[in-house]
Amino acid sequence: MAQTITLTASMRSNLASLKSIQSQMDTTQERLSTGKKVNSAIDNASSYYQARALTNRAGDLDALLDSMGQGIQTIEAANEGIEAVTSYVEQLKSVAESAYALDPSTDSYEKQMKSYIEQFKTIQEEITNLVNDASYQGINLLKGGKLTVTFNETRSNKFVIQGENIIDGMKIGSAEDWTPVDTGATKTINKVTDAEITLDGAAGKIAAGTQIYQIELAAGGTKEVVKGPDGWYEATAGGQKQTEKAGTEAVALTEDVAVESYAGSLDEAITEIAAAKDYLRSYATELGNNYSIIETRQNFTEALIDVLETGADNLVLADMNEESANYLALQTRQQLAINSLSLASQSAQSILSLF
């Protein structure tokens, strides 16, 4: 059987007060250490579960911020690609315009045109290589890739960007398809040959429409010759073929040939390049608009997370200034209660003086 110790009413009252003060101090200490006034459902079930719901939603939204951020990076990769392609298209324009400015009547026209065609081809190949490299985490919006970004925690609100194949969209033809056309003009060219031309043959009239060539003899001087059915013959001032053997000479022939120009194809190419630049600007603007949509949603989501977390904090966080003041007050009350208990025990101790 437990032994019962009898205390005075005053002592019991002070002990109860000390117990209450210690309980309050324990609660205050927990709040000061955790920073929360509601640490479990026992403290306040309603506030605890409301705060948890708000915190959970903030966590779900925070997970979506990564998706939005990666979506923005994908668009930036595509935009960087468009800027680089635009620079290459400017180079294509420069090549085409330089080729267009060539004089087709010069002997070097064909050689220079071939050089520009190769330059044009090389730049187009580099555009293709650059577009292939403009991907981000496996998504290439410049080759028709699709980007999907989720905006809310239910994952029902999705923003989809369907990319475009800009190589097809620009519609710039190949330089290998450029073709020359007859301008209607002619030019005289030197047609050098290592063959030996024999000026020999019988007398007779030069046939109408027969081409007369001016030749430069290897030994010096020039002669007018005509090609007949049996070989080359020297032409006379009166239109007669030379009746005497003229000998054998190594010659450089001069003849008139038709002048061909790539101007038509180049003009078409320059028009295509201008349209391609407009297309790239339009697509870049579209990407910029999509970038703004995702960025705006990202900013909204970040702000909403702050609102949710602040709301949860308002439900469970403790006022540290208030709790600190409470703890100091409780310490004071505890000390006073101890002093009061000491005074109450003195009345009992006075009985000892009777013995």
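Remember, predicted model here, so these are calculated numbers, not experimental data.

### Considering the layout of surface pockets
Line of reasoning, step 1. Within this model, the largest pocket holds a volume of roughly 150 Å³.
Line of reasoning, step 2. Lining of the largest pocket is provided by Lys-36, Val-38, Asn-39, Tyr-48, Ala-51, Arg-52, Thr-55, Ala-312, Asp-313 and Val-316.
Line of reasoning, step 3. Those elements giving two or more residues to the lining of the largest pocket turn out to be helix H2 (45-100) and helix H5 (263-316).
Line of reasoning, step 4. Tallying contributions element by element places H2 first for the lining of the largest pocket, with 4 residues.
Line of reasoning, step 5. By residue class, the composition of the lining of the largest pocket is 5 nonpolar, 2 polar and 3 charged.

### Some details on the pairing of strand S2 (residues 158-162)
Line of reasoning, step 1. The side-chain alternation of S2 yields one buried face, formed by Phe-159 and Ile-161, and one unburied face, formed by Lys-158, Val-160 and Gln-162.
Line of reasoning, step 2. By the bridge criterion, 5 bridges tie strand S1 (residues 146-150) to S2 in an arrangement that is antiparallel. Along S2, the bridge assignment pairs Lys-146 with Gln-162.

### Observations regarding the packing of aromatic side chains
Line of reasoning, step 1. As enumerated under the stated definition, the model contains 4 aromatic pairs in all.
Line of reasoning, step 2. Judged by centre distance (6.1 Å) and plane angle (45 degrees), the rings of Tyr-109 and Tyr-262 are tilted. Of this pair, Tyr-109 sits in helix H3 (residues 109-133) while Tyr-262 sits in the loop between strand S7 (247-261) and H5, placing them 153 residues apart in sequence.
Line of reasoning, step 3. Residue classification places Tyr-109 among the buried positions, given a relative accessible area of 3%.
Line of reasoning, step 4. A residue is classified by how much of its surface remains accessible, and Tyr-262, at 9% relative accessible area, is buried.

### Here we look at the confidence of the model for the protein
Line of reasoning, step 1. Residues at a pLDDT of 70 or more form 75% of the protein, whose mean pLDDT is 81.
Line of reasoning, step 2. Within the model, the stretch residues 241-246 combines pLDDT values under 50 with 21 contacts to residues more than four positions away or in other chains.

### Description of H3
Three- or four-residue spacings in an α-helix give side chains the same orientation, since the helix completes a turn every 3.6 residues.
Line of reasoning, step 1. For H3, built from 25 residues, the straight-helix expectation of 36 Å at 1.5 Å per residue is met to within 8% by its first-to-last C-alpha distance of 36 Å.
Line of reasoning, step 2. Those residues of H3 lying buried are Tyr-109, Met-113, Tyr-116, Ile-117, Phe-120, Ile-123, Gln-124, Ile-127, Leu-130 and Val-131.

### Digging into the pattern of salt bridges
Line of reasoning, step 1. One pass over the full model with this rule turns up 4 salt bridges.
Line of reasoning, step 2. Between Glu-153 and Arg-57 there is a salt bridge, with the nearest N and O atoms lying 2.5 Å from each other. Remark: Arg-57 occurs in helix H2 and Glu-153 occurs in the loop between S1 and S2; sequence separation between them is 96 residues.
Line of reasoning, step 3. The class of Arg-57 is partly exposed, set by a relative accessible area of 34%.

What counts and how
- Residues numbered from 1 in each chain as written.
- Predicted model: local features only at pLDDT ≥ 70, side-chain atom pairs only at ≥ 80, totals over all residues.
- Heavy atoms only, no water.
- 1 Å grid on protein atoms, 1.4 Å probe; cavity = no way out; pocket = protein on both sides within 12 Å on 5 of 7 lines; lining within 4 Å.
- Points joined across faces, edges and corners; volume = space filled by probe spheres on them.
- Helix = DSSP H or I, 4+ residues; strand = E, 2+ residues; numbered from the N terminus.
- Nonpolar A, V, L, I, M, F, W, Y, C, P; charged D, E, K, R; others polar.
- Buried < 20%, exposed > 50% of the residue type's maximum accessible area, 1.4 Å probe, protein only.
- Pairing = 2+ DSSP bridges.
- Phe/Tyr/Trp six-rings, centres within 6.5 Å; stacked < 30°, edge-to-face > 60°.
- pLDDT = per-residue confidence, 0-100.
- Contact = heavy atoms within 4.5 Å.
- Expected span 1.5 Å × (residues − 1).
- Salt bridge = Lys/Arg side-chain N within 4 Å of Asp/Glu carboxyl O.

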